[in-house]
Amino acid sequence: MKNMFKAAVGLGLICALFVVFPYVRNEIGVTSANLEADIRSSQKIQDDWVIDGSVSDTMAAYISYPQDMNDHTFSVYVNRPRLSFGYFFRGGGSLSGVDRGITEFTVEGCSERAFISMNQQQVARLEIDDGNSIQVIDIDSKKPFAIVLPINSGIITFCDVNGRPVEYWNNPL
């Protein structure tokens, strides 16, 4: 009976190691609650920088920038439908497309896309035309943004403070 108990305890410890070890090494993903901390540590974002973003079930997009908005770092994470319990970093850094315009980021196999911008064009709203109706999302024209939307949401139009359309560029990760 003692041998069965020892074997069961040993097997339990081995199983626990298979769960705890990958979790500690972030091999099973970063929880949505820990994304900002992960961005700050992995991309070395200073404490006084603003981090703003959008998180869905399958994708997270963030833009980090100082108060004077003279620099930026973007971050895109995905949460794939498999044995994972969180989001995995897919790409990030600093791009002139994000600085001067709006960049759309797509990830192969992901049903969503991210739009990230330092908002130099003063985008004030986002219109999503699904063929039946137009959904309008207000955007602060004075702040950078990172928005996650479904790929099949419809025709996407960003409009500046004067109501003029603003183009965006696709950047597959």
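For the structure, check the block above.
Every chain begins its residue count from 1, and numbering advances along the sequence as written. Side-chain atom pairs in this predicted model are given and counted only at pLDDT of 80 or more, local residue features only at pLDDT of at least 70, and totals for whole chains, interfaces and linings cover all residues. Hydrogens and water molecules were not included; the side-chain quantities draw on all heavy atoms of the structure.

I'd like a description of the overall build of the protein chain, backed by residues and values.
Looking only at helices and strands, the protein chain has three helices and twelve strands in total. In the protein chain, which comprises 173 residues, the proportion classed as buried is 40%. Carbon and sulfur atoms make up 55% of the accessible area of the protein chain, which amounts to about 10300 Å² in all. Secondary structure elements follow DSSP: runs of H or I no shorter than four residues count as helices, runs of E no shorter than two count as strands, and numbering proceeds from the N terminus. Residue exposure (1.4 Å probe, protein chains only): buried if accessible area is under 20% of the type maximum, exposed if over 50%, otherwise partly exposed. With residues, only the protein chains shown are counted as cover, and all accessible areas are computed by Shrake-Rupley using a 1.4 Å probe.

Account for the packing of aromatic side chains, naming residues and giving values.
Stacked, tilted and edge-to-face are the three classes applied to pairs of Phe, Tyr and Trp rings, where Trp contributes its six-membered ring and a pair requires centres within 6.5 Å; stacked means planes under 30 degrees apart, edge-to-face means over 60, and tilted covers the rest. One pass over the structure, following the stated rule, counts six aromatic pairs. An angle of 75 degrees between the planes, with centres 5.5 Å apart, marks the rings of Tyr77 and Phe89 as edge-to-face. Of the two residues, Tyr77 sits in strand β3 (residues 73-78) while Phe89 sits in strand β4 (residues 88-93), which places them twelve residues apart along the sequence. The class for Tyr77 is buried, based on a relative accessible area of 0%. Note on Phe115 and Phe158: the rings are 5.3 Å apart at their centroids and 65 degrees apart in plane angle, and the pair reads as edge-to-face.

Describe the pattern of salt bridges, listing the residues and the values that go with them.
By salt bridge we mean one thing: a side-chain nitrogen of Lys or Arg within 4 Å of a carboxyl oxygen of Asp or Glu. Applying the stated criterion across every chain yields a total of four salt bridges. Two residues, Glu127 and Arg125, come together in a salt bridge whose shortest N-O distance is 2.8 Å. One salt bridge in this structure joins Asp160 and Arg164, with 3.3 Å as the shortest N-O distance. Using a relative accessible area of 9% as the deciding quantity, one classes Asp160 as buried.

So what's going on with the sheet that holds β3? Which residues, and what values?
DSSP calls a pair of strands paired once it identifies at least 2 bridges connecting them. Reading across from one edge, β1-β2-β3-β4 is the order of the four strands in this open sheet, with antiparallel pairing throughout. The sheet terminates laterally at β1 (50-55) and β4, the two strands that pair on one side only. Adjacent strand axes in the sheet meet at a mean angle of 15 degrees when their direction is disregarded. As paired strands, β3 and β4 are joined by five bridges and run antiparallel to one another. Pairing of Phe74 across the sheet is with Gly93, part of β4. Helix axes are fitted to C-alpha atoms over the stretch in contact, other axes to C-alpha atoms as well, and angles between N-to-C directions run from 0 to 180 degrees.

Requested: an account of the nonpolar core, with residues and values cited.
Of all hydrophobic cores here, the largest spans 16 residues; its most connected members are Met59, Ile63, Phe74, Val98, Phe105, Ala114 and Ile116. It is strand β2 (residues 59-65) that provides the largest number of residues to this core, a total of four residues. Only buried residues count toward a nonpolar core. Its members are Ala, Val, Leu, Ile, Met, Phe, Trp, Tyr and Cys residues joined through side-chain atoms within 4.5 Å. Listed in part, the twelve residues of the second largest apolar core include Val123, Leu126, Ile147 and Leu149.

An account of the pairing of strand β5 (residues 102-106) is needed here, citing residue identities and associated values.
A regular strand places its side chains so that they alternate between the two faces of the sheet. Of all five residues in β5, five are buried; the element is thus mostly enclosed. Judged by which residues are buried, β5 turns out to be covered on both faces: Ile102, Glu104 and Thr106 on one side and Thr103 and Phe105 on the other are all buried. Note that β5 and strand β6 (residues 112-117) share five bridges and pair antiparallel. Paired with Ile102 across the two strands is Ser117, which belongs to β6. From the end of β5 to the start of β6, which pair antiparallel, there are five residues, and Gly109 there has a positive phi angle of about 85 degrees. The pairing of β5 with strand β12 (residues 168-172) spans five bridges and is classified as parallel.

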